[in-house]
Amino acid sequence: MCGIIGYIGSENAVPIIVEGLKKLEYRGYDSAGIAIYGKDGFDIVKQKGRLAALDQKLKENPRSATMGIGHTRWATHGEPSDINSHPHVGSKSKIAVVHNGIIENYKQLKERLEQKGAKFASQTDSEVVAQLAEYYYRGDLLETVIRVSNALEGSYALGIMSLDDPDVLIAIKKDNPLIIGIAANGNFIASDVPAVLKHTNQIYYLEDKEITVLKKDSVAFFSIDKEPISKMPETITWSADSAEKGGYPHFMLKEIMEQPKVVRDTINSAVNGANKAIIDEINIIAYDKIVITACGSAYNAGVVAKYVFERLCRFSSIEVELASEFRYKDAVIDDKTFVILISQSGETADTIAAMREAKSKGASTLAIVNVVGSTLAKEADFCIYTQAGPEIAVATTKAFSTQLILLYLLAIRFASKMGKLANADQNELLMEIEALPEKIASIFLHVDDIQKYASVCVGYKSIFFIGRNIDYAIALEGSLKLKEISYIHSEAYAGGELKHGTISLLEENTLVVALANCERLYLKSMSNIEQVVSRKANVLLISSQEETQADKRLKFIKLPEGNELFSPSLSVIILQLFSYYVAANKGLDIDKPRNLAKSVTVE
Ligand code: G6P
């Protein structure tokens, strides 16, 4: 994954780059580095570990320059180490490069370059870019970047500086995101908008194989054939504050607490705002199959949606698939298939590949995306935006909640177009959705109780999540959230499946989080809970039904009442808070869990 940033302007690049990297650390955090111009060539500082370690090193020995590039790494080729950290230079230390992506033909290129005398210092695929650039360089950096790009296979967002060109910074991308920011104090390249928001909201989005030549006071764009391109900047509405912690100990907690607002904004966008026209444009009756595909939590949102679509639209064929599976399974889809892709970042490699696969087979595609201008947003036939604002914590919360909202509203709109929903029923469902932000806010009144309970759960080796129907769908998300940030083993099971395997794992020191919000299935869920209690496991019950005498044996959390179809939007808040406080009580690095990254731009 990795985050890259570059700056050229009138101020000291070092603190600007480090600040920017802090906003990109969610993309990878096993090492970081920076390159600027020094007295005798490039001055490169690289450090294994969190960005704080690099920051400390730079503070101990402050330096200054008006151009530089920086990188925060999530290792793919070569272990996390100082040497494997970026920026990389060629053997002559003439060209410095930061890279996000994977160079698939790096072995062949490396062999060829070694035969020509290049001496590789690292085990990374990225170093090949710097070595190749030095090999091709004949005094024209733009020409060099074009030749390098033509030789590379794979994905890349690159920031490139040459020792001979102290007033030029060049960037290019293919299949990995890169934005260009223009500000009064200089110009920027970055993997994502929050890295530059403090300086500018004027952003250019680079297309694949477009090249940017940045100078202190100008930005020019070229095609891979060296033809000048004219592009218009877009104005970003996210505020710089939205990418700050705002007094919370972690971004995750801040983002959980923002949910009433972002859910409200997302409802408004789909009912009266920009998303409405796009939803209305979709002629769902032209399709005979819906496929929902995504990764991670976005996939879990898709599982919830499958239940809602089935119930409301009565569509004969609705499938939900992991994008990493869908892309290679040779799916039976055609121009009568409507494919919904869900993604916070809009840059997840598997989801993008799934979209391209669907399009190549003639299917129509709708992307539900948070990051404006991302690859999915640009390439899908239709795109609607969640209004979550920047999400920084690796474990998603508010983006997930806003995905659910758009999926519910799509289901209602589709059902109504298909003649499956009377106007009165549609209005009633819309009113239920309109009430969700307030109900979410009411859950926050019980934060102390959830926090207290979570503090006694840190010792569990295993925590299981069970539920039936839509409760099962949201159990998947509860379990994922917990394991992501607390490192406690966890599985989600459909309540009725417990007896087919997982029940053998239940004993005194296990916790089962049981969800029981489906009225029709309430008694069935309670029978499952009895089976769990009989095995002496502890139970946390989350239910919208009133607490019974029998529930007094369990830890009970009451959900606000409402239509069960939308109960995932409420139960997920408790599951997020529970995971957050378990991890907080274990003293873990909640915003940056080990081995994970927020934006997974590699396979
Ligand atoms: C990573 C993140 C998850 C996210 C998943 C899909 O694994 O840690 O929180 O759900 O990627 O990302 P996307 O940007 O496509 O929603």
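Our structure's up above, just so we're on the same page.
Residues numbered from 1 in each chain as written. Predicted model: local features only at pLDDT ≥ 70, side-chain atom pairs only at ≥ 80, totals over all residues. Heavy atoms only, no water.

Visitor: Teacher, can you tell me more about the site of the ligand here?
Guide: Around the ligand sit 14 residues in total, of which Ser297, Ser343, Gln344, Ser345 and Thr348 are the nearest. A distance of 2.7 Å is found between an oxygen atom of the ligand and a backbone nitrogen or oxygen belonging to Gln344. Residue Val394 places a main-chain N or O atom 3.3 Å away from an oxygen atom belonging to the ligand. For the ligand, whose accessible area on its own is 380 Å², the fraction buried by protein is 91%. (Near = heavy atom within 4 Å. Polar contact = N/O pair within 3.5 Å; in protein donor to acceptor, adjacent residues only side chain to side chain. Areas by Shrake-Rupley, 256 points an atom, 1.4 Å probe, with all protein chains shown as cover.)

Visitor: Can you walk me through the pairing of strand S12 (residues 211-215) in this structure?
Guide: The two faces of the sheet receive side chains in turn, since in a regular strand these alternate between them. With four of five residues buried, S12 is to be regarded as a mostly interior element. Pairing analysis gives four bridges linking strand S8 (residues 169-174) to S12, with the strands arranged antiparallel. By the bridge assignment for S12, Ile172 is matched with Ile211. Looking at chain direction, S12 and strand S13 (residues 218-222) are connected through five bridges and run antiparallel. Across the sheet, the residue bridging to Ile211 is Phe222, located in S13. The turn linking S12 back onto S13 is made up of two residues. (Buried < 20%, exposed > 50% of the residue type's maximum accessible area, 1.4 Å probe, protein only. Helix = DSSP H or I, 4+ residues; strand = E, 2+ residues; numbered from the N terminus. Pairing = 2+ DSSP bridges.)

Visitor: How do you make sense of the pattern of salt bridges when you look at a structure like this?
Guide: One side chain can pair with another of opposite charge once the charged atoms of both are near each other. Under the counting rule described, the total for this entry stands at 36 salt bridges. Salt-bridge contacts for Asp280 lead to Lys276; the nearest nitrogen and oxygen are separated by 2.7 Å. With Asp280 and Lys276 both in helix H8 (residues 274-281) and four residues apart, this pair spans about one turn of that helix. Between Lys359 and Asp381 there is a salt bridge whose closest N-O contact spans 3.7 Å. Of this pair, Lys359 sits in helix H11 (residues 349-360) while Asp381 sits in the loop between helix H12 (375-379) and strand S20 (382-385), placing them 22 residues apart in sequence. On the accessibility criterion, Asp381 (39% relative accessible area) is partly exposed. Residues joined in a network through salt bridges with shared partners are Glu19, Lys22, Asp55 and Lys59. (Salt bridge = Lys/Arg side-chain N within 4 Å of Asp/Glu carboxyl O.)

Visitor: Can you help me understand the sheet that holds strand S3 (residues 41-48) in this one?
Guide: Backbone hydrogen bonds are what pair the strands of a sheet, in a parallel or an antiparallel way. Here we have eight strands laid out as an open sheet, ordered S3-S2-S4-S1-S10-S9-S11-S15, and antiparallel in their pairing. Only two strands of the sheet have a single partner each, and these edge strands are S3 and strand S15 (234-235). Two elements, strand S1 (residues 3-9) and strand S4 (residues 67-73), share six bridges in a ladder whose sense is antiparallel. The partner of Tyr7 across the bridge, within S4, is Gly68. Sitting on the sheet, helix H1 (residues 13-24) is in contact with S1, strand S2 (31-38), S4 and strand S10 (186-190), with an inclination near 155° to S1. (Contact = heavy atoms within 4.5 Å. Axes fitted to C-alpha atoms, helices over the stretch in contact; angles between N-to-C directions.)

Visitor: Mind showing me how you'd approach the environment of Leu559 here?
Guide: Of note, Leu559 is situated in the loop between strand S25 (555-558) and helix H19 (568-585). Expressed as a C-alpha distance, the spacing of Leu559 and Ser599, which sit 40 residues apart in the sequence, is 32 Å.

Visitor: Help me out: how do you make sense of the packing of helix H7 (residues 259-271) against H8 in this one?
Guide: When two helices pack together, their arrangement is given by the angle between their axes and by how far apart the axes lie. Running from amino to carboxyl end, H7 crosses H8 at an angle of 50°, the nearest separation of the two axes being 5 Å. Taken as axis vectors, H7 and H8 run oblique relative to one another. Seen from above, H7 lies across H8 with right-handed handedness. Listed contacts from H8 to Ser269, Ala270 and Val271 of H7 are Ala274, Asn275, Lys276 and Ile279. Looking at side-chain class alone, the contact of H7 with H8 contains four nonpolar, two polar and one charged residues. (Parallel < 35°, antiparallel > 145°, perpendicular 65-115°, else oblique. Left-handed = near helix turned anticlockwise from the far one by under 90°. Nonpolar A, V, L, I, M, F, W, Y, C, P; charged D, E, K, R; others polar.)

Visitor: Sorry, what's going on with the packing of aromatic side chains here?
Guide: Pairs of aromatic rings are described using the distance from one ring centre to the other and the angle between the two planes. Evaluated as defined, the whole model comprises 11 aromatic pairs. Their ring planes at 50° and their centres at 5.0 Å tell us that Tyr7 and Phe188 sit as a pair that is tilted. You can see Tyr7 sitting in strand S1 and its partner Phe188 sitting in strand S10, a full 181 residues away along the chain. For the pair Tyr7 and Phe188, a shared accessibility class is recorded, and that class is buried. Taken together, Tyr287, Phe309, Phe338, Phe382 and Phe414 form an aromatic cluster joined through their ring pairs. (Phe/Tyr/Trp six-rings, centres within 6.5 Å; stacked < 30°, edge-to-face > 60°.)

Without other data, these values stay purely geometric and don't point to any function.
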